[in-house]
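So you can see what is in the structure, the chains are spelled out below.
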Amino acid sequence: MESKLKPMELVVIPVLLALLNLQNWANARPQGSTGRFTNGRTMHDFIVKLLGFKDYMPPFAESEGKNILNGVNYASGAAGILDETGQHRGGRIPFNEQIKNHKTIISRIRSLMRNDSATKSLLSRCIYSVQIGNNDYINNYFKPKLYDTQQRYSQREYATLLVQQLSGQLKSLYDTGARKFAVYGLGLFGCTPYAVSVYGTHGSVCVEKVNMGATLFNNRLKPMLHQLNTNLTDAKFTYLNPSGNPAAFVTNSSCCKTGAGDGELCVPGSSPCSRPRQYVFWDGLHTTDAWNEIVAKSAYDSKTPLEAFPFNIHKLARL
Ligand SMILES: *[C@@H]1O[C@H](CO)[C@@H](O)[C@H](O)[C@H]1NC(C)=O
Ligand SMILES: *[C@@H]1O[C@H](CO)[C@@H](O)[C@H](O)[C@H]1NC(C)=O
Ligand SMILES: *[C@@H]1O[C@H](CO)[C@@H](O)[C@H](O)[C@H]1NC(C)=O
C-alpha cells in the first residue's frame, strides 16, 4: 500500500469534555505538572479557547462547586474503550468509568440547579468531546506480550469490536441527556517516531500494519456515527479527524530524548530540543503544543468532510 506521511493529532489522553456556558471562572494557572502528554496544551485545550472559554476545563478529580456548570475534563492517560486497556501502566480511568464520573457530575448539577427542565436543557447544549481508542491499540493490541487481543481478533475484528463497544458507550451518554457529540478518529500512529523505531518501515515513511489499525477503526466509526444521528432523536454526532500541513515541521524525530515508559516517553530531566515549535512530535508518540494548535484550528473550522463530517466544532456549538 502507498504510504504518505500525514501526521495527525495523536493524544493518548482520551477526553470526554462537557462544555457548558460560555462564562469564565476563577483563573487558576497550573503549578507544576498538568498531567498532559505534551509540552503545553492539548488539542482540546485549544478548542476550549476557540469556543470562547477563558480557562481550561477543570479535571473531574478537582472539579467543585459551581465550576462544574462550565464543563469538566474526564480525561485519563492510557485509558481506552476496553476496560483492560492500559492496565500495565497502572492507574487509569477507562471510558466506562469516565461515563460514571459524568453521572456523578450530573447529579451535582441537578442539586445545584434544583430544576429538572433547566438541567435537561443545559445538558443538551453541552459539547461532549470524545477522543478515545488510540490506547486500545498502543496500550493493548500492539503489545501482544502483555495482552491477548491479537490472538483473539484479527485487525478487522478488533476494529469492529471497539466501534461496537464505543457505540454502546455513546448511547449511554445520550441516555443521560447528551445531544452534541464531537467524536475523533484515530491518528496514524504508524507515523510516530516510536512506531517507526520499534517496527521499522521497510522503505515506507510510516509503519503500514500499524496504520491499518487506525484506518479500519475510522472506516467503521464514521458510518456508526451517521447511524446514531439517524437512530437517536435530536442527536448531533460529528466525526472529526483534523490534520495540518507538516511540511514546515520536523516529523521524523521527537523533540525530547525518549526512553521512559515503554521507550516512547521523555527521559525525565533530559534537555528537550531547542525549537519545540518546529516539531510535530514532543515525545515518541505525543504531539507538541505547536502542532496541537494547528489541528485544533482544523477541528474547529475545517470545511473538509474528511476532517469534519457532517460539521466542524464551530458549527456544532451553534446548532
Ligand atoms: C425551571 O427552568 C425553566 C427553564 O428551563 C423555567 O422556565 C422555569 O421557570 C424554571 N422553574 C423554576 C421553578 O424555577
Ligand atoms: C440503528 O438502527 C438500526 C435499525 O434498528 C440498527 O440495525 C443499527 O444497529 C442502529 N445503529 C446503531 C449505531 O445503533
Ligand atoms: C530527519 O530528516 C532530516 C531531513 O530530511 C534528516 O537530515 C535527518 O537525518 C532525519 N533524522 C532522522 C532521525 O532520521
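As annotated in an unreviewed UniProt entry, the chain carries the name GDSL esterase/lipase and is attributed to Hibiscus trionum. Looking at the chain in UniProt, the text filed under Subcellular location (unreviewed entry) is "Secreted". For the chain, the Sequence similarities (unreviewed entry) comment in UniProt is given as "Belongs to the 'GDSL' lipolytic enzyme family."

Attention shifts here to the nonpolar core. Grouped together as the largest cluster of nonpolar side chains are 53 residues, with contacts concentrated most on Tyr137, Leu166, Leu170, Phe181, Phe217, Leu225 and Phe237. Excluding its chain neighbours within four sequence positions, the residues that come into contact with Leu166 are Ile81, Phe95, Ile132, Phe217, Leu221 and Met224. By size, the runner-up hydrophobic cluster in this structure holds 24 residues, among which are Met57, Val280, Ala296 and Leu316.

What follows deals with the side chain of Arg179. As for its position among the elements, Arg179 is in the loop between helix 6 (155-175) and strand 4 (180-184). Of the side chains with opposite charge, Asp234 comes closest to the buried, unpaired Arg179, at an N-O distance of 4.9 Å. At 2.9 Å, the side chain of Arg179 forms a polar contact with the backbone oxygen of Tyr174. Among all residues touching Arg179, those that are not within four sequence positions of it are Leu123, Ser124, Tyr128, Tyr174, Thr233, Asp234, Ala235 and Lys236.

What counts and what doesn't
- Residues numbered from 1 in each chain as written.
- Chains lettered and ligands numbered in written order.
- Predicted model: local features only at pLDDT ≥ 70, side-chain atom pairs only at ≥ 80, totals over all residues.
- Heavy atoms only, no water.
- UniProt positions renumbered as here; feature names shortened; annotations may be inferred.
- Core = buried A, V, L, I, M, F, W, Y, C linked by side-chain atoms within 4.5 Å.
- Buried < 20%, exposed > 50% of the residue type's maximum accessible area, 1.4 Å probe, protein only.
- Contact = heavy atoms within 4.5 Å.
- Helix = DSSP H or I, 4+ residues; strand = E, 2+ residues; numbered from the N terminus.
- Lys, Arg positive; Asp, Glu negative; His and termini not counted.
- Salt bridge = Lys/Arg side-chain N within 4 Å of Asp/Glu carboxyl O.
- Polar contact = N/O pair within 3.5 Å; in protein donor to acceptor, adjacent residues only side chain to side chain.

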